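Residue strings, one per chain:
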Number of protein chains: 2
Amino acid sequence: MNIGQASGKSGVSAKMIRYYEQIGLIKPPLRTNSNYRRYGADEVHVLRFIKRARNLGFSLDETSALLSLWQDRSRASADVKEIATAHIGELETKITELQGMVKTLKHLVHCCQGNDRPDCPILDDLAEIPSSKGH
Amino acid sequence: MNIGQASGKSGVSAKMIRYYEQIGLIKPPLRTNSNYRRYGADEVHVLRFIKRARNLGFSLDETSALLSLWQDRSRASADVKEIATAHIGELETKITELQGMVKTLKHLVHCCQGNDRPDCPILDDLAEIPSSKGH
DNA sequence: CCTTGACCTTCCCACAATGGGAACCTTTAT
DNA sequence: ATAAAGGTTCCCATTGTGGGAAGGTCAAGG
């Protein structure tokens, strides 16, 4: 199987497969005598694993750790749980931050008439013009 | 006022101030005869505007647009409202995605005993091992 | 047999934003 | 005078992904 097929079956672009190989996330595959990378079902399996971890928002570093644990028969599931739990915390922190931004923006948009006149509470707020009444 | 003072008053690092100047987000300030950048209250005001927009999650491109509108006396507040509304949409999309990840991860962590034995539903799921019962 | 198109290879560049640091100059205070 | 603090430019790194050029390879069809 060439890199294009492996890409199609794993959902990882050929470009990224080469990159993952370059940074050592995956092992260099065998090559044909014309220097084409050859992949088998195992490699595709690894790529799918990576793809799924990435879809869950794990960084490549975290993915690398999960991959090691996956391939390590003596791993402790507690290690995996720890990575996942820490990751949940990070995601939740990010969600909270984004929600704060949305809340502020919604308030501003709500106060903005959106007509042709230049009075714009959004810009006023960004510019810190003190409003007549706090909110 | 030197760049360090402007940085302190605006909350934007000196490094970033120079970068914003380089990419054309802000105008090059006057220089002293010893080539130091001189800033006044106006420039600091602009930097604070930028800082606040960035804190609300606007990209530098969006911030640039908002800055233009802010400095344009003939701007329509509808334009600003549109940028802000679009941005809210993006943020909410991101929040939904993150919440989906958290939900999946929490389920997996919940199913993971986290002890010393290698049975780990998190890795099993990442590896797409079909579980006995779908969820 | 030879061309054409699809696929592979490596290598370099780009993004968004930010930080680190080197090498060097200026200002200020001791 | 000298040392510390802060300025200047320039280059590099990050994270993860994509684009594209220049060239090699393979399969199909005229």
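Numbers given for residues are sequential positions, taken from 1 along each chain in its written order. Here chains are named by letter from A upward and ligands by number from 1 upward, in the order in which they appear as written. Per-residue local features are limited, in this predicted model, to residues with pLDDT of at least 70; the limit for side-chain atom pairs, both in listing and counting, is 80 or more; totals at the level of whole chains, interfaces and linings are taken over all residues. Calculation of side-chain values draws on the structure's entire complement of heavy atoms; hydrogens and water are dropped beforehand.

## Describing the overall build of chain A
The helix and strand labels rest on DSSP assignments: H or I over at least four residues marks a helix, E over at least two residues marks a strand, and numbering proceeds from the N terminus. Helix and strand counts for chain A stand at six helices and two strands. Seen in sequence order, chain A has helices and strands lined up from the N terminus as α-α-β-β-α-α-α-α. Its C-alpha atoms give chain A a radius of gyration of 24 Å, clearly above 14 Å, the size a compact globule of 135 residues would have. Based on the C-alpha atoms only, the size of chain A along its principal axes is roughly 75 × 40 × 20 Å. Within chain A, the proportion of its 135 residues that are buried is 36%. Here the analysis covers contacts within chain A between residues at least 6 apart in sequence; of these, 45% occur between residues at least 24 apart. Each radius of gyration is computed over the set of C-alpha atoms, and the globule rule expresses the reference value as 2.2 Å times the number of residues to the power 0.38. Exposed residues in this analysis have more than 50% of their type's maximum accessible area, buried residues have under 20%, and partly exposed residues fall in between, with area computed by a 1.4 Å probe over protein chains only. Residue contacts are defined here by distance: any two heavy atoms, one from each residue, within 4.5 Å place the two residues in contact.

## Examining the protein's contact with DNA strand C
What makes a residue near a molecule or strand is one non-hydrogen atom of that residue sitting within 4 Å of it. Looking at DNA strand C, there are 18 residues lining it, with A:Gly4, A:Arg18, B:Lys15, B:Tyr20 and B:Ser59 nearest. Near-protein atoms of DNA strand C (within 4 Å) split between backbone and bases, with sugar and phosphate holding 68%. Any N or O atom pair separated by 3.5 Å or less is treated as a polar contact, with the protein-specific requirement of one donor-capable and one acceptor-capable atom, and with residues adjacent in sequence counted only for side-chain atom pairs. Measuring from a phosphate oxygen of DNA strand C, one finds a backbone N or O atom of A:Gly4 at 2.5 Å. At 3.3 Å, a side-chain N or O of B:Ser13 approaches a phosphate oxygen of DNA strand C. Only α1 (3-10) of chain A together with α2 (14-22) of chain B provide two or more residues apiece to the surface near DNA strand C. A total of four residues in the surface near DNA strand C trace back to one element, the largest contributor, which is α2(B). Each residue receives one of three labels: charged for Asp, Glu, Lys and Arg, nonpolar for Ala, Val, Leu, Ile, Met, Phe, Trp, Tyr, Cys and Pro, and polar for the others, Gly being one of them. Partitioning the surface near DNA strand C into residue classes produces seven nonpolar, six polar and five charged.

## Focus: the nonpolar core
Only buried Ala, Val, Leu, Ile, Met, Phe, Trp, Tyr and Cys residues count toward a nonpolar core, and they belong to the same one when joined by side-chain atoms within 4.5 Å. In this structure, A:Ile122, A:Leu123, B:Ile122 and B:Leu123 are the most contacted members of the largest nonpolar core, which totals 76 residues. Residue ranges labeled as domains rest on an automatic or database domain assignment. Built from parts of two domains, this core gets at least three residues from each of domain 1 (1-75) and domain 2 (84-135) of chain B. Beyond its immediate sequence surroundings of up to four residues, A:Ile122 is in contact with A:Leu108, A:Val109, A:Cys112, B:Val80, B:Lys81 and B:Ala84.

Interpretation in functional terms is not warranted from these geometric data alone.
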